[in-house]
Amino acid sequence: MTVKKKKRSYVRAAILLVMAGAIVFTIYNSFAGEKSELLQVGDEAPDFALVDLEGKEHQLSDYQGQGVFVNFWGTWCKPCEKEFPLMEKQYQVYKDQGVQILAVNIAQSDYEVRQFAEQRDLTFPIVIDKTKSVMEAYNIRPLPTTLLVNPEGKITKIITGEMSEEDIASYMEEIKPE
Amino acid sequence: MENVQCQCGHTNPPGTKLCESCGRSLTEKDQNSKLVDMRYEGTARRSQTYNKSIIDKIWNFFSSVKVGVSIIVVLLVAAAIGTILPQQAFVPASTEATIQAYYADTYGSVGRVYHALGFHDLYSSYWFIALVGMLAISLVIASLDRFVPLYKSLKNQRVLRHPSFMDKQRIYGSGPGAEDALEKAETKLKELKYTVRTEKNGLLAEKGRFSRWGPYVNHIGLIIFLFGVMLRMMPGFYVDETLWLREGETRAIPEVPGYYLENKNFKLETYTGEGEDAKFGEAIDRVGTVVKNYQTDIVLYQEPEDSLPGATDNLEVVQEYPIRVNQPLKFDGYAVYQMDYKLNELKAMTFALTNKETEESLGELTIDLINPDALYELETGSTVELLGYYPDFSGFEDGEPQTATPLPNNPGFLVELTAPETPEGETSFITIQNTVEPLGENQYKLTFQNADTRNVSGLTVRKDSTLPILGLGGLIFMIGVAQGMYFNHRRFWIQQKADGTILLAGHTNKNWFGLKKDLDRVVDSAKLPAYTDQQDEIDKKEKAEKEGESSS
């Protein structure tokens, strides 16, 4: 009888556990659902290849060993406009220390992007995601979104929204190879 | 709780109402009632049997039908409240913060509470999911708790029941019978497709036992259905995305890695009322324009394997297809539907460079609003240089023209016009129907000639790998319903005592009329004693008493 009781307890506990597990799992999924589509810190940064204004192809994995500051932007986006001169300034400081900027424009015309870059004397590579496929792969929603990729190719930080000059400097410091 | 010992010597688990072996009533209440309660065959619901550990307590909680029904009621009320204000998908806001602000601004404190409690996205709110999960637990446990003892007791049914069990059945009769009555009854019952078992001086005839499993089959279907719904929340099982695609654009399909769509052409056709459509003439006159067809001609591309996002030079054409309403493009488990459209978005604008005084034209130029050039050279040696382009001009900020979006809704151009007469160039800022000359009076201007437009298709990308699971759950659910509704579990117990007296009892879970019809034929054929429907008699008696009271 006690054996039977013990067995009953185990069976009941097992059934309850499985079902409670399913509920927790579902809630977790529905919560993480919207966010898990976005890349997570710690993930391998998906590789991509985009062409800049000079026709040169930039592949993320080519910069392995360097820290890459990937910034998604558009000319109509006000915060992007504000942070670009600051990024340029810090780029001058960190480019010789192994930090690269890749500014990914979202599907605008060459003319608009070139005009924007020339007016601001930007020297870091600006690439255009013509089909929004990189934006899709990175699940970028608001602009600007910045991803910090460390020399090992892992995402160490995802920043949505405007950054101050101090922010940009500290982020570059963070992904600088040792 | 203690085990219950029956007079016949059988030991029953605690909570049992009718002895598993002989059928005697075991509780005082049941002994005194005129009819026995045949639910679950008088077995003890398993949860009532044990109530010791915490696991048993949780188990017992979910085993209760009251709890199950309460959860359903709460879910229904919550779903009803969820329809009072629009769900977040239908709200003109996209980010978490703006959605929250929208509810607060539009509906005040009610909206704030509504949002805080998660009603704005009800099916994804954690407590709603938790409740549905609890309903699933309740379904499983309540079913197991009832199914297992019911199954055991029906499987181990005794043929011979105690007379006190029989005379408390709703259908009951007793009286003298012929010597071969049992045999004849058995023959007739077999003819009526009953399964008959005999033992000593009695028989048990049974038909349609599987109908008793209907509710449990039905619950299995529900559980499978809920499992399918649960899978929907997992990435990869369910996709429902919107894609606005302009004519001429090629875009990566959201949530569909590796595939691209190009919009070749969108068209909207209406019934003309002429030719083949002449028969609709009257209707068209009555209601005005009637759309015949919404169609997007697309090209589906796939990137080659080991190609990287962004490297889209070598896309491979998979197929060309006209997407029309209800005729989605289908590929690789996905379907792309025609859902919406916008007509006549600006695409290109043509201007003439004209002398303001003489209105003489030095030639025309067309600016592609999607991909403008920096310099336009006219035949006369004049040039128009584009100094700035603002596709959705929204005003000046610190003297700088601004654009609100990347779409050419309200294009603005900062241009330098150079004509043979004005070799230094003249600067002009042009928006629709407006020209500003920021650096002083100009000799030349750009005169708007015409505009090219393009259409935009609103497409929806769907994938639902859970449909087969949902379908299976629904099918099993329906089988369970049919099993329980359209079939009945009918049983007869017949005994013949040594003195020739026949005892006769019948039970069914539903459709007593059908049971009596069967029994009439058996009684007729085997010359069994007449039976009565004891429930009818009780009802009649109560009715008579009531009438007696009201008339006195």
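Since we're looking at a predicted model, the values are computed, not measured.

Colleague: Could you clarify how one ought to interpret the overall build of chain A in this entry?
Modeller: If you tally the helices and strands in chain A, you get five helices and seven strands. From first element to last, N terminus to C terminus, chain A shows the α and β order α-β-β-β-α-β-α-β-α-β-β-α. Here the C-alpha radius of gyration of chain A, 23 Å, is well above what a compact globule of 178 residues would show, namely 16 Å. Counting only C-alpha atoms, chain A reaches 85 × 35 × 30 Å along its principal axes. Looking at the 178 residues of chain A, the share that counts as buried comes to 51%. Long-range pairs, those at least 24 residues apart, make up 70% of the contacts in chain A between residues at least 6 apart in sequence.

Colleague: Explanation requested: a nonpolar patch on the surface in the structure shown.
Modeller: All names here are of chain B. Taken together, the side chains of V65, V69, V73 and V77 make up a nonpolar region of the molecular surface, amounting to roughly 310 Å² of accessible area. Examined against the element boundaries, V77 turns out to sit in helix α4 (residues 65-81). Under the relative-accessibility criterion, V77 is labelled partly exposed at 46%.

Colleague: Is there a simple way to explain the sheet that holds strand β18 (residues 412-419) of chain B in this structure?
Modeller: Note on sheets: strands pair through backbone hydrogen bonds, and any given pair is parallel or antiparallel. Residue and element names in this part refer to chain B. Reading across the sheet, the five strands line up as β14-β15-β18-β19-β20 and stay open at both edges, with antiparallel pairing between neighbours. Edge positions in the sheet fall to β14 (375-377) and β20 (434-436), since each of these pairs with one other strand and no more. With direction set aside, neighbouring strand axes in the sheet form an average angle of 25°. Sheet analysis places strand β19 (residues 422-431) next to β20, joined by three bridges and oriented antiparallel. Bridging from a neighbouring strand, T431 pairs with N434 of β20.

Colleague: So what exactly am I meant to see when it comes to the UniProt feature "transmembrane region" (unreviewed entry) in chain B here?
Modeller: Residue and element names in this part refer to chain B. Here the UniProt feature "transmembrane region" (unreviewed entry) sits at residues 67-85, 126-148, 216-238 and 467-487. Secondary structure across residues 67-85 comprises 79% helix and 0% strand; the distance between its end C-alpha atoms is 29 Å. Helix makes up 100% of residues 126-148 and strand 0%, with an end-to-end C-alpha separation of 33 Å.

Colleague: Help me out: how do you make sense of the state of the cysteines in this one?
Modeller: Working definition of a disulfide: a covalent bond connecting the sulfur atoms of two cysteines. One pass over the structure, following the stated rule, counts one disulfide over all chains. Paired through a disulfide, C77 of chain A and C80 of chain A show a sulfur-sulfur distance of 2.0 Å. In this structure, the disulfide formed by C77 of chain A and C80 of chain A twists by about 85° around the S-S bond and is classed as right-handed. Take C77 of chain A and C80 of chain A: they sit in the same class, and that class is buried. Here C8 of chain B is not disulfide-linked; the sulfur of C6 of chain B is the nearest cysteine sulfur, at 3.7 Å. Sulfur of C22 of chain B: no disulfide; nearest cysteine sulfur belongs to C6 of chain B and is 3.7 Å away.

Colleague: Help me out: how do you make sense of the domain arrangement of chain B in this one?
Modeller: Many analyses report the size of an interface as the accessible area lost when the parts associate. Each assigned domain of chain B is listed with its residue range as follows: domain 1 (1-34), domain 2 (45-153), domain 3 (159-193 + 490-546), domain 4 (214-235 + 468-484), domain 5 (238-343) and domain 6 (347-454). For domain 3 of chain B and domain 6 of chain B, the distance between their C-alpha centres works out to 101 Å.

Colleague: How should I be thinking about a negative patch on the surface in this particular structure?
Modeller: A surface patch of like charges, here negative, comprises D539, E542, E545 and E549 of chain B. We classify E549 of chain B as exposed; its relative accessible area is 60%.

Colleague: Even after reading the chapter, I still don't get the interface of chain B and chain A, so can you show me in this structure?
Modeller: Each partner contributes residues to the interface: chain B has 55 residues there, and chain A has 46 residues. In total, about 4,000 Å² of surface goes out of reach between chain B and chain A, with carbon and sulfur atoms giving 63% of it. Between the two partners, chain B and chain A, sit one salt bridge. Counting across the chain B and chain A interface gives 11 residue pairs in polar contact (both at pLDDT 80 or more). Of all elements in the fold, only α2 (46-49), α3 (54-63), α6 (126-155), β7 (250-252), β15 (383-390) and β17 (400-403) of chain B reach the threshold of two or more residues within the side of chain B that touches chain A. Counting residues per element, the side of chain B that touches chain A draws most heavily on α6 of chain B, which supplies 11 residues. When grouped by side-chain class, the residues that make up the side of chain B that touches chain A number 33 nonpolar, 13 polar and nine charged.

Colleague: I tried to follow the packing of helix α8 (residues 181-191) of chain B against helix α12 (residues 512-526) of chain B on my own but got confused; where do I start?
Modeller: When two helices pack together, you describe them by how their axes are tilted relative to each other and by the distance separating the axes. Residues and elements named next belong to chain B. Packing of α8 against α12 leaves a shortest axis separation of 8 Å and a crossing angle of 140°. Here α12 runs oblique to α8, going by the angle between their axes. Regarding α8 and α12, the two cross each other, and that crossing is right-handed. Within the contact between the two elements, α8 uses A181, K184, A185, K188 and L189 and α12 uses R521, V522, S525 and A526. Taken together, the residues that form the contact of α8 with α12 break down as five nonpolar, one polar and three charged.

Colleague: Explain the domain arrangement of chain A to me, please; I cannot follow it from the model alone.
Modeller: As far as domains go, chain A holds domain 1 (1-37) and domain 2 (49-175). Once you take the C-alpha centre of each, domain 1 of chain A and domain 2 of chain A turn out to be 45 Å apart.

Rules used throughout
Residue positions within a chain follow its written sequence, with the count starting from 1. To read the labels, note that chains go from A and ligands from 1, taken in the order they are written. For this predicted model, a pLDDT threshold of at least 70 governs which residues receive local features, and a threshold of 80 or more governs which side-chain atom pairs are given and counted, while totals over whole chains, interfaces and linings are taken from all residues. Only hydrogens and water are set aside when side-chain values are computed; all heavy atoms of the structure are taken into account. Helix and strand definitions follow DSSP, with helices as H or I runs of at least four residues and strands as E runs of at least two, each counted in order from the N terminus. C-alpha atoms define the radius of gyration in this analysis, and the globule rule sets the expected value at 2.2 Å times the number of residues to the power 0.38. Only protein chains enter the accessibility calculation, which uses a 1.4 Å probe; a residue is then buried when its area is under 20% of its type maximum, exposed when over 50%, and partly exposed in between. The contact criterion used is simple: two residues touch if any of their non-hydrogen atoms lie within 4.5 Å. Each patch is built from salt-bridge-free residues with over 30% relative accessible area, joining like charges within 9 Å and nonpolar side chains (Val, Leu, Ile, Met, Phe, Trp, Tyr) within 5 Å. Method for areas: the Shrake-Rupley scheme with a 1.4 Å probe, in which residue coverage is limited to the protein chains shown. When a carboxyl oxygen of Asp or Glu lies within 4 Å of a side-chain nitrogen of Lys or Arg, that pair is called a salt bridge. A pair of strands counts as paired when DSSP detects no fewer than two bridges linking them. For helices, the fitted line uses only the C-alpha atoms of the stretch in contact; every axis is such a line through C-alpha atoms, and the angle between N-to-C directions lies from 0 to 180 degrees. UniProt positions are given in the numbering used here, feature names are shortened, and annotations may be inferred rather than shown by experiment. Put simply, a disulfide is two cysteine sulfurs that come within 2.5 Å. All the domain ranges listed were derived from an automatic or database domain assignment. Working convention for charge: Lys and Arg count positive, Asp and Glu count negative, and His plus the chain ends are omitted. Every charge is mapped to an atom, namely NZ of Lys, CZ of Arg, CG of Asp or CD of Glu. Buried area adds together the accessible area that both of two parts lose upon being put together, with accessible area traced by a 1.4 Å probe. N or O atoms closer than or at 3.5 Å make up a polar contact, with two conditions inside protein: a donor-capable atom paired with an acceptor-capable one, and, for residues adjacent in sequence, both atoms drawn from side chains. All residues other than Ala, Val, Leu, Ile, Met, Phe, Trp, Tyr, Cys, Pro, Asp, Glu, Lys and Arg, Gly among them, are scored as polar; the first ten of these are nonpolar and the last four charged. The scheme is simple: roughly parallel for angles under 35 degrees, roughly antiparallel for over 145, roughly perpendicular for 65 to 115, oblique for anything else. Definitions for this section: a left-handed crossing has its near helix turned counterclockwise from the far helix by less than a right angle. A right-handed crossing has that turn clockwise.

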